[in-house]
Amino acid sequence: LERSVVMRPIVSRALAGVLICLSTLAAGVRAQGDGPEDLAAMALESLKAGLKSRDMDSVEVALTDLDSVYDKVSAKTVKDIGKAVTSVFKTRPRAPKEPGEDTREELIDSYRLAIGLVFERPEGGALLTGGLKQKHLKDWPDMRAAMVEGLGYRRDPGLVSTFAGMLEDAAPQVAGAAT
């Protein structure tokens, strides 16, 4: 009996020490920035740097990361994501280095990931409609068709006029996507 009375304070102090260590460790992990806002901020920076350096692989990774946290971030961060998606749609293919080279190939996956990121989201209709207005997409019917298909998943009667204009598009892919 004497021994258990003596051991309890020692065990209690040890347990308290372990709990303090664990709480300090958890606070340190949170301080490192592993929350959705922090992950979104890192992904947005990576996307911006990738677009600037034309490193489309890093843009694709950043878009995938943004998709994983999109529904967990604030309205301000969602706006920033929308601006980033618009930046992806504004990215023009680089000038070809060789005759007949199709430099659009480098952008296809990034464009498709950007479309996939926003097509079901509330602001997706405006972002995709804005993307369709990019002049460099006029010569890229496959990507315009993908954007129109993304818009097609929305139940927005305001898009009827957009689809009506696409039905008469010269590119069969775009007209087909609008039906």
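Residues numbered from 1 in each chain as written. Predicted model: local features only at pLDDT ≥ 70, side-chain atom pairs only at ≥ 80, totals over all residues. Heavy atoms only, no water.

## Brief notes about the overall build of the chain
Quick note on the threshold: In DSSP terms, a helix is any run of H or I states spanning at least four residues, a strand is any run of E spanning at least two, and both are numbered starting from the N terminus. Three exposure classes are used, based on accessible area relative to the maximum for each residue type with a 1.4 Å probe and protein chains only: buried under 20%, partly exposed in between, and exposed over 50%. Any pair of residues with heavy atoms lying within 4.5 Å of one another is described as a contacting pair. Areas reported as accessible are Shrake-Rupley estimates using a 1.4 Å probe. Residue values count occlusion only from the protein chains shown.
Each helix and strand counted, the chain has nine helices and zero strands in total. Walking the chain from its N terminus toward its C terminus, one meets helices and strands in the order α-α-α-α-α-α-α-α-α. Per-residue burial for the chain yields a buried fraction of 37% across its 179 residues. Across the chain, contacts joining residues at least 24 apart in sequence account for 62% of those joining residues at least 6 apart. Roughly 11,200 Å² of accessible area belongs to the chain as shown, and the carbon and sulfur atoms make up 58% of that amount.

## Some remarks on helix H6 (residues 124-132)
Counted residue by residue, H6 has seven buried out of nine residues, so it is predominantly covered. Within H6, the full set of buried residues consists of Gly124, Gly125, Leu127, Leu128, Thr129, Gly131 and Leu132. Those residues of H6 that are buried are in contact with helix H4 (75-90), helix H5 (105-118), helix H7 (141-152) and helix H8 (160-167).

## Quick word on unusual backbone geometry
Positioned with a positive phi, arginine 54 is a non-glycine residue whose angle comes to about 60 degrees. Position of arginine 54 among the secondary structure elements: in the loop between helix H2 (36-53) and helix H3 (56-69). The class for arginine 54 is partly exposed, based on a relative accessible area of 33%.

## Concerning the packing of aromatic side chains
For the record, the criterion: Any pair of Phe, Tyr and Trp rings, taking the six-membered ring for Trp, is counted once the centres come within 6.5 Å. Such a pair is stacked with planes under 30 degrees apart, edge-to-face with planes over 60 apart, and tilted for the rest. In this scheme, the term charge over a ring applies when either NZ of a lysine or CZ of an arginine sits within 6 Å of the ring centre and within 35 degrees of the ring normal.
As enumerated under the stated definition, the model contains two aromatic pairs in all. Measuring from centroid to centroid gives 5.8 Å for phenylalanine 89 and tyrosine 111, while their planes differ by 55 degrees, and the two rings are tilted. With phenylalanine 89 in helix H4 and tyrosine 111 in helix H5, this residue pair connects regions lying 22 residues apart in the sequence. Just as phenylalanine 89 is buried, tyrosine 111 falls in that class too. Ring pairing ties together the aromatic residues Phe89, Tyr111 and Trp140, which thus form one cluster. Sitting over the face of the ring of tyrosine 70, arginine 121 holds its NZ or CZ atom 4.1 Å from the ring centroid.

## So, the packing of H6 against H7
Which entries qualify depends on this criterion: Angles shown run from 0 to 180 degrees and are taken between the N-to-C directions of axes, each axis being a line fitted to C-alpha atoms and, for helices, limited to the stretch in contact. The labels follow the angle: roughly parallel below 35 degrees, roughly antiparallel above 145, roughly perpendicular from 65 to 115, and oblique for the rest. Crossing handedness is defined as follows: a turn of the near helix away from the far one that is anticlockwise and smaller than a right angle gives a left-handed crossing, while the clockwise case is right-handed. The nonpolar class holds Ala, Val, Leu, Ile, Met, Phe, Trp, Tyr, Cys and Pro. Asp, Glu, Lys and Arg form the charged class, and all remaining residues, Gly among them, are polar.
Packing of H6 against H7 leaves a shortest axis separation of 10 Å and a crossing angle of 160 degrees. Considered as vectors, H6 and H7 are oriented roughly antiparallel to each other. When you trace H6 past H7, the crossing you get is left-handed. Across the interface between the two elements, Gly125, Leu128, Thr129, Gly131 and Leu132 from H6 touch Arg144, Met147, Val148, Gly150 and Leu151 from H7. Here the residues of the contact of H6 with H7 sort into five nonpolar, four polar and one charged.

## Some points on the nonpolar core
Selection criterion: The nonpolar core is taken to be a set of buried Ala, Val, Leu, Ile, Met, Phe, Trp, Tyr and Cys residues, with the residues joined through side-chain atoms within 4.5 Å.
Leu47 and Tyr111 are the most contacted members of the largest nonpolar core, which totals 45 residues. When contributions to this core are tallied by element, the ones reaching two or more residues are H2, H3, H4, H5, H6, H7, H8 and helix H9 (172-178). It is H5 that contributes the most residues to this core, seven residues altogether. Look past the residues within four positions of leucine 47 in its chain and what remains in contact with it is Val59, Ala62, Leu63, Leu66, Ala84 and Val88.

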